[in-house]
Amino acid sequence: QKEVEQDPGPLSVPEGAIVSLNCTYSNSAFQYFMWYRQYSRKGPELLMYTYSSGNKEDGRFTAQVDKSSKYISLFIRDSQPSDSATYLCAMRTPLTGGGNKLTFGTGTQLKVEL
Amino acid sequence: DAGVIQSPRHEVTEMGQEVTLRCKPISGHDYLFWYRQTMMRGLELLIYFNNNVPIDDSGMPEDRFSAKMPNASFSTLKIQPSEPRDSAVYFCASSRYRVYEKLFFGSGTQLSVL
């Protein structure tokens, strides 16, 4: 079993829809929880990160963490065609040598159609 | 800032050949990471450096893979000899000390081994 599970999609929604993207994880040592967005033929870029259980909002994006269920979500309101990308969840564990290790989900491909 | 710069963008080679991927991190970043991305396995951490020193190479799949960071502004990932199963997108990422969550990724090198 992978440490982080994410539905690969593709997920296709009409413009203006609310999008829900989800990940489950198995490692209780995971601390920070992040969402990265990756456009085609580009590297991932950080969208949001959160530490504690609960919600964190940034514009049209809301990240939700439920540590008791080991479940995280990203909600996108009023989705736009420019939101079409692959969304990767990521989770951090500290490394003994310093720094940290990010474990990524495989990503969910989202397409927002006009 | 120009961001993380990787070269080449695309590499097509034949099985058995040596492949060298290059990365220039963002100036001032203390950590450098090499990741590999495939559809099946997603983003996998291969190795990371702190202040030019390799800290954890447990993700390097085999002895055929090696990485170096001779100075703060340059790193290489070498595969010798290459095999078709090495075909993937290889990303370099960097981050500042204590800002672990935000990795800055390059645009990646698409490697195809025939």
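Data block above holds the structure.
Residues numbered from 1 in each chain as written. Chains lettered and ligands numbered in written order. Predicted model: local features only at pLDDT ≥ 70, side-chain atom pairs only at ≥ 80, totals over all residues. Heavy atoms only, no water.

(A) A look at the interface of chain A and chain B. Contact residues are listed per partner, giving 22 residues for chain A and 21 residues for chain B. Linking chain A with chain B are 0 salt bridges. Taken together, the connections running from chain A to chain B amount to 4 residue pairs in polar contact (both at pLDDT 80 or more). Looking at the side of chain A that touches chain B, the elements with two or more residues in it are strand E4 (33-38), strand E5 (45-50), strand E9 (85-94) and strand E10 (100-104) of chain A. (Contact = heavy atoms within 4.5 Å. Salt bridge = Lys/Arg side-chain N within 4 Å of Asp/Glu carboxyl O. Polar contact = N/O pair within 3.5 Å; in protein donor to acceptor, adjacent residues only side chain to side chain. Helix = DSSP H or I, 4+ residues; strand = E, 2+ residues; numbered from the N terminus.)

(B) Geometry of the nonpolar core. Among the nonpolar cores identified, the biggest contains 24 residues, and A:Trp35, A:Ile72, A:Leu74, A:Tyr87 and A:Met91 are the most heavily contacted of them. The set of elements that each furnish at least two residues to this core consists of strand E3 (19-25), E4, E5, strand E7 (61-66), strand E8 (71-76), E9 and strand E11 (108-113) of chain A. Excluding residues within four positions of it along the chain, A:Tyr87 makes contact with A:Gln6, A:Leu21, A:Trp35, A:Tyr36, A:Arg37, A:Leu47, A:Leu74, A:Ile76, A:Gly107, A:Thr108 and A:Leu110. In this structure, B:Val4, B:Cys23, B:Ile47 and B:Ala67 belong to the second largest nonpolar core, which totals 21 residues. (Core = buried A, V, L, I, M, F, W, Y, C linked by side-chain atoms within 4.5 Å. Buried < 20%, exposed > 50% of the residue type's maximum accessible area, 1.4 Å probe, protein only.)

(C) Highlighting the packing of aromatic side chains. Summed over the entire model, instances satisfying the criterion amount to 14 aromatic pairs over all chains. Here the aromatic rings of A:Tyr25 and A:Phe30 are separated by 5.9 Å at their centres, their planes lie at 65 degrees, and the arrangement is edge-to-face. Taking the relative accessible area as the measure of exposure, A:Phe30 reaches 4% and is therefore buried. With a centroid separation of 6.1 Å and an interplanar angle of 85 degrees, the aromatic rings of B:Phe91 and B:Phe105 are classed as edge-to-face. Placement of B:Phe91 in strand E9 (residues 88-95) and of B:Phe105 in strand E10 (residues 104-105) is noted, with a sequence separation of 14 residues between them. What makes B:Phe91 buried here is its relative accessible area of 1%. Through a chain of ring-to-ring contacts, three or more aromatic side chains come together here, namely A:Tyr36, A:Phe104, B:Tyr31, B:Phe33, B:Tyr35, B:Tyr48, B:Phe91 and B:Phe105. Across from the ring centre of A:Tyr49, 4.4 Å away, lies the NZ or CZ of A:Lys56, which sits over that ring. If you follow A:Lys67 out to its NZ or CZ, it ends over the ring of A:Tyr51, 4.5 Å from the centre. (Phe/Tyr/Trp six-rings, centres within 6.5 Å; stacked < 30°, edge-to-face > 60°. Lys NZ or Arg CZ within 6 Å of the ring centre and 35° of its normal.)

(D) Here's a closer look at unusual backbone geometry. In the segment running from A:Gly9 into A:Pro10, the intervening peptide bond is cis, with an omega of 10 degrees. Position of A:Pro10 relative to the elements: it lies in the loop between strand E1 (4-6) and strand E2 (11-14). Each neighbour pair has its own omega, and for B:Gln80 with B:Pro81 the value is -5 degrees, a cis peptide bond. One non-glycine residue, A:Arg41, lies in positive phi territory at about 65 degrees. Its identity is not glycine, yet B:Asn52 carries a phi of approximately 75 degrees, on the positive side. Mapped onto the fold, B:Asn52 is located in the loop between strand E5 (42-50) and strand E6 (53-56). For B:Asn52, a relative accessible area of 27% corresponds to the partly exposed category.

(E) Representation of the state of the cysteines in the model. All names here are of chain A. Counting across every chain of the model gives 2 disulfides over all chains. Residue pairing for Cys 23: its cysteine sulfur links by disulfide to Cys 89, the two sulfurs lying 2.0 Å apart. Sign of the S-S torsion, about -100 degrees for the bond between Cys 23 and Cys 89, identifies this disulfide as left-handed. Residue Cys 23 is found in strand E3, and its partner Cys 89 is found in strand E9; the two are separated by 66 residues along the sequence. (Disulfide = S-S within 2.5 Å.)

(F) Here's a closer look at the pattern of salt bridges. All names here are of chain B. By the definition in use, this model includes 11 salt bridges over all chains. When the shortest N-O distance is used, the salt bridge between Glu 44 and Arg 36 registers 3.7 Å. Accessibility assignment for this pair places Glu 44 and Arg 36 in one class, buried. Residue Glu 44 pairs with Arg 41 through a salt bridge whose shortest N-O separation is 2.6 Å. Owing to a relative accessible area of 54%, Arg 41 belongs among the exposed residues under this scheme. Sharing partners across several salt bridges, the network here consists of Glu 62, Arg 64, Glu 83, Arg 85 and Asp 86.

By themselves, these figures tell us nothing about what the structure is for.
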